[in-house]
Every structure is written in structure tokens, then in C-alpha cells.
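# Residue-level structural notes
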Amino acid sequence: MPRYLPLFFVFAGSVLGQVGDLSYKNRNVETFEYVWKTVRDKHYDPQLGGVDWQAVHDELKPRIEKADSIDETRNILAEMLGRLHLSHYRIIPGTVYTELGAGGGHGGDGSVGIDVRVIDGKAVVTSVDTDSPAAKAGVMPGWVLRKVDINQIAPLIAEYLEHDKDSSLRDLTLRRAILLRLEGAVGDTVHVAFFDEHDQAVFKNLVRAEPRGRSTVLGYLGRARVWLDSKRVETGGQTIEYIGFNLFLDPSNLMPEFASAVQACLKCAGIVIDLRGNPGGLGAMATGMAGWFVDKKDARLGTLVLRETALKFVINPRAETYSGPLAILVDSTSASTSEIFAGGMQDLKRARIFGSKTAAAALPSVVEMLPNGDTFQYAIANYVSEGGETLEGNGVTPDVETPLTREALLSHKDPALDAAVNWIKSQKGTR
Amino acid sequence: MNRLSCVLLAGSILLPLHAEDLPKAETILDHFVEVTGGKAAHEKIHSEVTKGSMEFVGKGIKGKIASYEAEPNMNFTSADLEGVGKVESGTDGDVFWERSAITGPRIKSGDERDEILRASIFNPYLNWRKLYTTVETAGSESVDGEDCYKLLLTPKTGQPVTEWYSKKSGLLVKSSSVHKTQMGDIPAESLLKDYKPVSGILMPFTRIDRFAGQEIQIRVDSIEFDSAIPKGRFDLPEEIKALVRKSGATNDKPIEKK
């Protein structure tokens, strides 16, 4: 029997299909059939939520056979996938997919050291890494990113807001698209235009440097940089531990770092875990981290429902756990494993969630290349929280909503973190 | 890896071809012991060390694996995967545990523990009469083009196991069951291939495990019987000892010692 069954992975792997030498209309039909069969054979629910998939096929095939443009083809495919009423099924035009980085971006992972979010239609700097090129150049949180080399940012934002207007993934993909504009080879210079805190135009020549974090590779998911930041905050005579990390990857390093941060503060007044901007990674790492805060045997973060079986995300309590107030910070770019962790801890009433609603992208999904050159993203499992809700399409709604504003950033404030700290301080003596 | 799932054979017995003449399961299981080296050869072995590599097929994730087993039911397995880290599991014959870089340390209990206890018995094919209350030949089936006898083995507790034995070689080529895990019941199957002799015993050098839509391929580099096992190899890791102290108990139920 399988004795090596200790691991549980459901990867968002990438499978490249064949691109045949077909005529345009034949490619459309082949693409249509590929997408239809993939959904039929790989949807986590064999009943497809009650949709008569064969009828959908028979209805739409005559139209795809007559389709005269790539846009018409995409519209028909979108209509077909729309019948599923699930957000994780979509056709991504080849050009957009390349834009999102699958095609390699600017050929390097050199970074200027800033993070951004789109706030009120503008790309606002939300953080600047210590000692990064941006920090050395005086870039500040709250500045507005206007232009990267010759590329204006506003049209990019407008395009994405239009293209992904109904997608919960919009903020996630838009942030990624903007940051990709800033990436490139280490040592190269990028010319960046901002509006500063006085809304004055500012130009900076930033030399891209090695990005923050350790480089790690997880199979075909590719290379990623992983970092964890922990610090102690003394406030009002109380000690609060802050832990933030950018991905649920590189477990052999990240998990011990996370453990050290928690263990060093087992008597602290509170712990804050910052998952803002964290798009997820290995789902099971959420249970490993939860084990530091949940002391109840057989408690779960939720259940992963695959086509063949259902897998419970059981938490393994550590020998010594932290029992004090726990705050988790999320925003619209917190996705996947971040949502599993935050949503699960919220359901267990073990943590209070601060920030803004998450990306609602908690389904393990894969991306495949289609015969017509577009790409097809589809889910291979569903995730159901202990509260009985599917995270996909719904996301995690914070207990305390604290929208991020440019004004707050310019005032050196962090509404979500501030609210979390205030809540922890109010819990004094409740342990 | 376990010799149970490995072994096999040198000779071939003449087995009936008609469904109504299917050989008894007992005959097939005993024949498996014979073709893999014989009862006497198996009984001489008291420990096993296996080393090899593993790969999550289609995911690009690879790593090294090593397992140590000794009588009566002690074992330790370590998988070190690139980009993931170590996942270890084992038992000192009393406490069954796992320590994962991803999910942390834990002690196995309940149905999961019962199943692993059964799987941890050294030389299981010599002891199948103790492990299963009934064994029956369920029919004939082809596995990857090879005609096989299909056996259904039912343990005293837990899920039944289905095994396929080659009619030609007598070797175990496939096993399937629904495994009790912490995450739930997981249907899984294993294919055993590439049998080679090791100190007079036939052992499979390739194993393919399929479960939950994933496939793991294990290729064995070396198998040693009765070689020196590092002192303390089966001792509980400190993290597991701490969990044992916390729970105040070592087992859900006592383990029958040989």
C-alpha cells in the first residue's frame, strides 16, 4: 500500500497542450472541444452543479463553427463557461496572459522594492522595502505611480478595470501587472514617474536590485522569492508580535521562521499575522501554521472537495500553543491559502480578521494552453470552510473592515494594523 | 519500502485458466512468498534499509527517500523534497507519528493508526494469516496487459485490500485500498514493477502510487537486509515526545508484541 502518503499537494500546475497546425476555424472548433471536454472530465463536481453540459455543447457548437474572429470565439467560450456560474473558469487572451507574466515579463526579477495597490483608480505605493532602490531614492508610501519608462499606468489600470470588471481576481491581477512593469534585470535602470505627497510630479531613476527574500523553486510552479518579516511592537506597556510573509511556499525555511516568531512571543499580549498581498501557495501550510494557535484536537480549517474524494484540512496542535488574541490582516490581494487560513481561523473563532474582503480565489486551479494560443484556467477542487461556505467566489469578509486610503498612507498610518493593535490592547486581561 | 509489497518470484506454478477453477487465495499468497525467495529466505531477514528517489509525476517535484524497517514493527521513513523539505514518519513500535515540514508534527490515532500498525508489521506476507481474517480470490483481471488473479483481503478492522498477482510470475503487481488518513478516506492504488533479486529475495525497484488525482513514482536505488541501522533510528523525535507528554498517553490501544 502507499506508505509514502504523507504529503498532500494540489498544485496549480501548468500543462501545455499541443498547438496544432490547423486552419483558423478548425482551431476554433478544437479549442471549443478542448475546453468543453476539460470541464466535463475534470470539474470537481461530476454533475457540474446540475448544468446539462451536453446541451450546452450542442447549442453552442454551431455558433463556434461560424465564428469569424478571435473575439467572437472568446465570447462564445466565455458564454459556455458562464453557464457554470463559477468565477475560476475563464479564457485569458494570449496577449493578456503574457502581460501577467507567464511569458516572462522583462526577463528578470530585479526589483525596485515597492508594493502597490489600486486605490480609487490610481496605483498607490503601499510599502517601500528597507534599503531598497526606492527607499534610497526617497519614494514614500502614498505616492502615486504614474509612468514606468514609456508606459503610462493609468491606461493599464483602465484596461484591466474594464476587462476584469466582474472578476474577484481583478485587484490581484492588476497589482501583478503593475509590479511586472517595474521588474527587470538586476542592475538595469528603470525611469519611474510619481506624484508625491504634495501631488507634485517626481521622477526617479531606480537601479533594479535583487528582490527581497530567498529564491525557491517548487516544481513547475516556477521560481519565487519568499520572505517573512517579524517584529515586536511595544505599545501601552504591552508587547505585540507582528508576522508578515508574502507566500505560503518554501516550507522548510518559512515554517521554522514562523515557529520561531510565535514561540518567542507565547506570553505576548497579541499576535498579528499580515496576509495582505499574499496570493497563497501550498494549502496544507495553513494547517501547519494554525497548529500554533489551535489547541483542540481534530479542529479543521475546512474541506477540499475533489472529484474523487474530500480532504479535510485538519489542524495538528503543537505541544505548546499561543492562546492569546490573534489578529489576521487581509485585503483584496489575499488569495488562496491566505483565504483558507484566515477564513478557517475566523470560523473557529480563533482569530479576528481586519482589512478588506479577500480575492475569493480559494480554488486550486490549473492553467493550460489552448490550441488557439489563449489560455484556460479551471478549478480542480472546491474549498468549503468549516462554516459551510465555499470561499471561491465569496472570499473572506473581515470582522472589522478598514479600507486602505492614500491619505492614511501619506499620514504613515495603517488602518488595518492600527485597528488590530487597538483590538488586542482592548483584550487585556481576557486571556 | 516494504517487502510485502515487494517480493517475488522465481518459479511459476501452473494455475487454472477457467474462472470456475480459480486458485485459492491462500495458494496465491503462499506462492508469492515462494517465488520471491521462499519462506526460509524471508525468515532470515530481520531488518531492511531502502533508499531511492521519488517524483510527483507531472508536477516537477522530486526528492530523495529512505526507509528503515525492523522487526517486529519498527520503521522510519524520510522523504526530502526539493522546494518542500522533509516529511518523516515512523514508529518505535508503540507510538506512530509524522513530522512534516508543511503540517508539523502529529501522533497518528484511531483508524489511521490501526491501518499503519498493520502495514508496519515486518514481513507481512509471511504473516498474512495474522493480518487478515479472510482472503479470497475475486477473479481474473488484466493489469497493464498482464493477466492477474485478483485477491480480496479483509482485515479484522479497517478497509479491505485488493491485490493483483501475475498469473505468469506469481508476483504482486498492484494493490488498492481506501486508506484511512487524518484528511479522510483516500482511495489509492500502487503498481509494483521492476523486480530484481536482493540477497536471494525478489524486490520491486519501481513503485507508482496514485491517489487524489496525483501520481508519485518511487525508484529504488538500493535495498539492504540486516545491515547496521543507526542507533536511535526508531527513537521518537523530540517534537513527538513533547506531544506524547502533552497527551499523557502513547496509544489509543495497546499493541500486541510478538
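Quick notes on the rules
Residues numbered from 1 in each chain as written. Chains lettered and ligands numbered in written order. Predicted model: local features only at pLDDT ≥ 70, side-chain atom pairs only at ≥ 80, totals over all residues. Helix = DSSP H or I, 4+ residues; strand = E, 2+ residues; numbered from the N terminus. Buried ≥ 20, exposed ≤ 12 C-beta atoms within 10 Å, placed from the backbone. Contact = placed C-beta atoms within 7 Å. Pairing = 2+ DSSP bridges. Axes fitted to C-alpha atoms, helices over the stretch in contact; angles between N-to-C directions. Nonpolar A, V, L, I, M, F, W, Y, C, P; charged D, E, K, R; others polar. Core = buried A, V, L, I, M, F, W, Y, C linked by C-beta atoms within 7 Å. pLDDT = per-residue confidence, 0-100. Parallel < 35°, antiparallel > 145°, perpendicular 65-115°, else oblique.

## So, the overall build of chain A
- Looking only at helices and strands, chain A features 12 helices and 21 strands.
- Relative to its 431 residues, chain A shows a buried fraction of 48%.
- Residue pairs in contact within chain A that sit at least 24 positions apart in sequence constitute 69% of those at least 6 positions apart.

## Brief notes about the overall build of chain B
- Within chain B, the secondary structure is distributed over 6 helices and 13 strands.
- Within chain B, the proportion of its 258 residues that are buried is 45%.
- In chain B, the share of contacts with a sequence separation of at least 24, taken over all contacts with a separation of at least 6, comes to 50%.

## Observations concerning the sheet that holds strand 20 (residues 381-385) of chain A
Residue and element names in this part refer to chain A.
- One open sheet holds the 3 strands; their spatial order is 15-14-20, and the pairing between them is antiparallel. Whereas interior strands pair on both sides, the edge strands pair on one side only; in this sheet they are strand 15 (310-314) and strand 20. Taking the axes of each pair of neighbouring strands and ignoring which way they run, one obtains an average angle of 20° across the sheet.
- The strands touched by helix 10 (residues 337-347) are strand 14 (300-306), strand 15 and strand 20; relative to strand 14, the strand with the most contacts, the crossing angle is about 125°.

## Regarding unusual backbone geometry
- Here the residue pair Glu-71 of chain B and Pro-72 of chain B is connected by a cis peptide bond, since its omega of -5° sits within 30 degrees of zero.
- Note on placement: Pro-72 of chain B falls in the loop between strand 2 (61-70) and strand 3 (74-81).
- A positive phi is found at Leu-48 of chain A, a non-glycine position, where the angle reads about 50°.
- Along the chain, the position of Leu-48 of chain A falls in the loop between helix 1 (24-42) and helix 2 (53-66).
- Despite not being glycine, Asp-250 of chain A shows a phi value in the positive range, around 50°.

## A word on the pairing of strand 9 (residues 161-166) of chain B
Residues and elements named next belong to chain B.
- In terms of burial, strand 9 is largely enclosed, as 5 of its 6 residues are buried.
- Pairing of strand 8 (residues 146-155) with strand 9 involves 6 bridges; the strand directions are antiparallel. Looking at strand 9, one finds that Tyr-149 is bridged to Tyr-165.
- Hairpin connection between strand 8 and strand 9: a loop of 5 residues separates the two successive antiparallel strands, and Gly-158 in this loop has a positive phi of roughly 95°.
- Alignment of strand 9 against strand 10 (residues 172-181), held across 5 bridges, turns out to be antiparallel. Bridge assignment links Glu-163 to a residue of strand 10, and that residue is Ser-175.
- Turn length for the strand 9-strand 10 hairpin, with the two strands adjacent in sequence and antiparallel, is 5 residues, and the turn residue Gly-170 shows positive phi of about 85°.

## Focus: the interface of chain A and chain B
- Each side of the interface is counted separately: chain A has 36 residues, and chain B has 51 residues.
- Elements represented by at least two residues in the side of chain A that touches chain B include exactly strand 9 (214-217), helix 8 (251-263), helix 9 (285-290) and strand 15 of chain A.
- The dominant element in the side of chain A that touches chain B, judged by the number of residues it contributes, is strand 15 of chain A, at 4 residues.
- Across the side of chain A that touches chain B, the residue classes break down as 23 nonpolar, 9 polar and 4 charged.

## With respect to the sheet that holds strand 17 (residues 352-355) of chain A
Residue and element names in this part refer to chain A.
- A sheet is described by the order of its strands in space; here 6 strands give the open sequence 11-12-13-16-17-21, paired in mixed fashion. This sheet does not close on itself; its edge strands, each paired only once, are strand 11 (228-235) and strand 21 (400-401).
- Both strand 11 and strand 12 (residues 238-245) contribute to a ladder of 8 bridges, which runs antiparallel. For Arg-232, the partnering residue across the bridge sits in strand 12 and is Glu-241.
- Sheet contacts for helix 10: strand 16 (326-330) and strand 17; angle to strand 16, the most-contacted strand, approximately 140°.

## Remarks on helix 10 of chain A
All names here are of chain A.
- Of all 11 residues in helix 10, 10 are buried; the element is thus mostly enclosed.
- On its buried face, helix 10 sits against helix 9, strand 14, strand 15, strand 16, strand 17 and strand 20.
- One or two steps after helix 10, the chain reaches Lys-349, where phi turns positive at roughly 60°.

## Here's the deal with the nonpolar core
- One finds Ala-286, Ile-328, Leu-329 and Ala-420 of chain A together with Tyr-165 of chain B to be the most contacted residues of the largest nonpolar core, which totals 135 residues.
- Ignoring any residue separated from it by four or fewer positions in sequence, one finds Ala-286 of chain A in contact with Phe-248, Leu-301, Phe-313, Thr-337, Ile-340, Phe-341 and Gly-344 of chain A.
- With 26 residues, the next largest nonpolar core counts Val-112, Trp-143, Val-144 and Leu-179 of chain A among its residues.

## Some details on the environment of Gly-145 of chain B
All names here are of chain B.
- Relative to the helices and strands, Gly-145 resides in the loop between strand 7 (132-143) and strand 8.
- In this structure Gly-145 comes out as exposed when scored by C-beta crowding, with 5 C-beta atoms within 10 Å.
- Between the alpha carbons of Gly-145 and Phe-234 there is a distance of 40 Å; along the sequence they are 89 residues apart.

## Overview of the environment of Asp-221 of chain B
Residue and element names in this part refer to chain B.
- When you line up the elements, Asp-221 lands in strand 13 (residues 214-225).
- Take Asp-221: there are 12 C-beta atoms within 10 Å of it, and that puts it in the exposed class.
- Along the sequence, Asp-221 and Thr-206 sit 15 residues apart, while their C-alpha atoms lie 9.5 Å from each other.
- Apart from the residues lying within four places of it in its own chain, the contact partners of Asp-221 are Lys-51, Gly-52 and Ser-53.

## Some thoughts on the confidence of the model for chain A
- Within chain A, residue pLDDT values average 86, and 87% of them lie at 70 or more.
- pLDDT under 50 marks residues 1-22 of chain A. Its contacts with residues more than four places away, or in other chains, come to 75 contacts.

## Things to note about the environment of Ser-167 of chain A
- In this fold, Ser-167 of chain A is placed in the loop between helix 6 (153-163) and helix 7 (170-182).
- Separated by 192 residues in sequence, Ser-167 of chain A and Ala-359 of chain A have C-alpha atoms that sit 9.0 Å apart.

## Here we look at the packing of helix 2 of chain A against helix 3 (residues 70-82) of chain A
Residues and elements named next belong to chain A.
- Where helix 2 meets helix 3, the closest approach of the two axes is 10 Å, and the angle between their N-to-C directions is 175°. By the angle class used here, helix 2 and helix 3 are roughly antiparallel. Here Val-56, Leu-60, Arg-63 and Ile-64 of helix 2 lie close against helix 3, whose contacting residues are Thr-73, Ile-76, Glu-79 and Met-80.
- Grouping the amino acids of the contact of helix 2 with helix 3 by side-chain chemistry returns 5 nonpolar, 1 polar and 2 charged.

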